[in-house]
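Structure at a glance
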Amino acid sequence: AEVNHPQWAKAIEIIYPKARDMVNKPRYWSTAFPLAVVSLCVAPREYFLRHWMPLVESMLSKLKVRCP
C-alpha cells in the first residue's frame, strides 16, 4: 500500500529514468544498475510491470554468466 502513494510514485518516475540512462554508461554501471533494479522493486505495481522486462532485455548481455 505504501508504494501506491502518489508522491512515492512521482519520485520513482523521476529516479528510474535517470538510473536507466546511467546504466548505459560503463563508468556508472556498477552503481546505476542496482539503483534501477531497486527503484523498480519499490515502484507501484503498474510501473514495475511496464518497465522490468525492457530493463532485463537491455542488460541481458551484461548479465550473462561467464565461465572460466
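Everything in this summary refers to the structure shown in the same document. Just so you know, these numbers come straight off a predicted model, no measurement behind them.

About the thresholds
- Residues numbered from 1 in each chain as written.
- Predicted model: local features only at pLDDT ≥ 70, side-chain atom pairs only at ≥ 80, totals over all residues.
- Heavy atoms only, no water.
- Axes fitted to C-alpha atoms, helices over the stretch in contact; angles between N-to-C directions.
- Helix = DSSP H or I, 4+ residues; strand = E, 2+ residues; numbered from the N terminus.
- Parallel < 35°, antiparallel > 145°, perpendicular 65-115°, else oblique.
- Left-handed = near helix turned anticlockwise from the far one by under 90°.
- Contact = heavy atoms within 4.5 Å.
- Buried < 20%, exposed > 50% of the residue type's maximum accessible area, 1.4 Å probe, protein only.

1. Some details on the packing of helix H2 (residues 29-41) against helix H3 (residues 45-63)
The contact between H2 and H3 brings their axes to 10 Å, and the two run at 155°. Taken together, the axes of H2 and H3 lie roughly antiparallel to each other. As H2 packs across H3, the resulting crossing turns out to be left-handed. The residues of H3 that touch H2, namely those facing Trp29, Phe33, Ala36, Val37, Leu40 and Cys41, are Tyr47, Phe48, His51, Trp52, Leu55, Met59, Lys62 and Leu63.

2. A look at the side chain of His51
Here His51 is to be found in helix H3. The exposure class assigned to His51 is buried, which follows from its relative accessible area of 17%. Beyond its immediate sequence surroundings of up to four residues, His51 is in contact with Tyr16 and Leu40.

Any functional reading would require information that these geometric values do not contain.
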